[in-house]
Amino acid sequence: EPELGRGLRGHPRHVVGGLEVLCFLSVVFLAGCQFPGREGPVPESLAMTRQLTQQGVAALERGDPRQATAALAEAVRISPVDPDARRHFAESLWRSGDREQAVAHMNEAMRLTPEDATVRVRLAEMQLALGNVEAAAKNAADAIDRNPKLAAAWMARARVMRAQGQPRRALADCHRALSLTPDDRDLLLMTAELYRQLNQPQRALGTLHALADTYGPGEEPVDVLVLEGFAYVALGRYDDAVRAYHGALALKPDSPEVLYHLAQAQWRAGRSDDAARAARQALALQPGHQESLAILQQIEIAAAADGNVQRR
């Protein structure tokens, strides 16, 4: 049994809404409340656990992991074998930064519901984030075995394969996932990134256009526009790349990285003055930005060489 962390011990009942819980239980038992499909009254511990779990999930949804952890720790203390309370408690610990304990509790949730593929997927994601690639690979594969129609399971294994340096196998898993959820933005983005890694810019661009279609006009996020720029540069379509980077800058004007990529595309398009201006803007934001310093030096050397040729 993993430790229940800060949220489990030493909290007075009012911290987790104890008065509300007591009122709820009073109503439950005075009314003879029953759960659907079951006869007889709800056991006190189960009713309280469900109430606390609901409070914890609501706190997570409104971005309050500390409140969530307090409520869910109490839920787990009351009903240690309740898998829903356990997995939500793990999630609250994860968002609070207590990641080792989060993995321990998610492992326990998996033990309590061994056939729930979604729990294995989330555990695999956590393990991968902590660098435990081997354990993540096992849980992702087990999730696929239990539910091969779960897109998240294929995506989890794709992430593992990419972390293991196997982009082709990762891409195959992405396609399996996309066959189940073709409009999933995270999947489309990862597929485009894998195509770029495999030096297939035309396919990367097609995937990015499919991803852009899931957004309204002008709503594409910065990373999608930047990846489009990369694909255009790889295809030698520098003016298209410039347009993509300008779109990214409209959303994130203080990014030295985007300004550098814009400068690079402009220089390749033969617009050296614009390229130098973009590189200087990047350096104004981050004076030590090495890529921008390098391209600005290249532009200045090329300009000096052209001047010498003209003087001759």
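The structure this text deals with has already been given above.
Residues numbered from 1 in each chain as written. Predicted model: local features only at pLDDT ≥ 70, side-chain atom pairs only at ≥ 80, totals over all residues. Heavy atoms only, no water.

Trainee: Just to check I follow, could you spell out the side chain of histidine 88 for this structure?
Mentor: Position of histidine 88 relative to the elements: it lies in helix H4 (residues 83–96). Contacts of histidine 88, omitting those with residues within four sequence positions, involve Thr53, Val57, Leu60 and Leu72. (Helix = DSSP H or I, 4+ residues; strand = E, 2+ residues; numbered from the N terminus. Contact = heavy atoms within 4.5 Å.)

Trainee: What should I look at first to understand the nonpolar core in this one?
Mentor: When a protein is soluble and globular, its nonpolar side chains tend to lie buried together. Leu211 and Tyr245 are the most contacted members of the largest nonpolar core, which totals 65 residues. Contact partners of tyrosine 245, with chain neighbours within four places excluded, come to Val226, Gly229, Phe230, Val233, Val258, His261, Leu262 and Ala265. In terms of nonpolar packing, the next biggest core, distinct from the first, is built from 22 residues, Leu60, Ala68, Ala90 and Leu123 among them. (Core = buried A, V, L, I, M, F, W, Y, C linked by side-chain atoms within 4.5 Å. Buried < 20%, exposed > 50% of the residue type's maximum accessible area, 1.4 Å probe, protein only.)

Trainee: Where do I start with the environment of alanine 58 in this structure?
Mentor: Position of alanine 58 among the secondary structure elements: in helix H2 (residues 44–61). For alanine 58, a relative accessible area of 32% gives the class partly exposed. For alanine 58 and alanine 68, which are 10 residues apart along the polypeptide, the C-alpha to C-alpha distance reads 7.6 Å.

Trainee: Looking at this structure, I do not really get helix H10 (residues 185–197). What am I missing?
Mentor: For the α-helix, the turn length of 3.6 residues means that residues three or four positions removed from each other point alike. Relative to the 18 Å expected for 13 residues at 1.5 Å per residue, H10 spans 18 Å between its end C-alpha atoms, a close match to the ideal helical length. Listing the buried residues of H10 in full gives Leu187, Leu188, Leu189, Met190, Thr191, Ala192, Leu194 and Tyr195. Where H10 is buried, its residues meet helix H8 (151–163), helix H9 (167–180), helix H11 (201–212) and helix H12 (222–234). Backbone geometry just downstream of H10 places asparagine 199 in the positive-phi region, at approximately 60°. (Expected span 1.5 Å × (residues − 1).)

Trainee: Just to check I follow, could you spell out the packing of helix H14 (residues 256–268) against helix H15 (residues 272–285) for this structure?
Mentor: Relative orientation and spacing of two packed helices are given, respectively, by the angle between their axes and the distance between those axes. Interhelical geometry of H14 versus H15 gives an angle of 165° and a closest axis separation of 8 Å. In terms of axis orientation, H14 runs roughly antiparallel to H15. In this structure, the crossing between H14 and H15 has a hand that is left-handed. Two secondary-structure elements touch here, H14 through Pro256, Leu259, Tyr260, Leu262, Ala263, Gln266 and Trp267 and H15 through Ser272, Asp274, Ala275, Ala278, Ala279, Gln281, Ala282 and Leu285. (Axes fitted to C-alpha atoms, helices over the stretch in contact; angles between N-to-C directions. Parallel < 35°, antiparallel > 145°, perpendicular 65-115°, else oblique. Left-handed = near helix turned anticlockwise from the far one by under 90°.)

Trainee: Sorry if this is basic, but what is going on with the pattern of salt bridges here?
Mentor: For side chains of opposite charge, pairing can occur when their charged atoms come near one another. By the definition in use, this model includes 18 salt bridges. For aspartate 84, the salt bridge goes to arginine 87, with nearest N and O atoms at 3.2 Å. With aspartate 84 and arginine 87 both in helix H4, this residue pair falls three residues apart, about one helical turn. Accessibility expressed as a relative area gives 30% for arginine 87, which makes it partly exposed. Residues joined in a network through salt bridges with shared partners are Glu91, Arg95, Arg122, Glu125 and Arg159. (Salt bridge = Lys/Arg side-chain N within 4 Å of Asp/Glu carboxyl O.)

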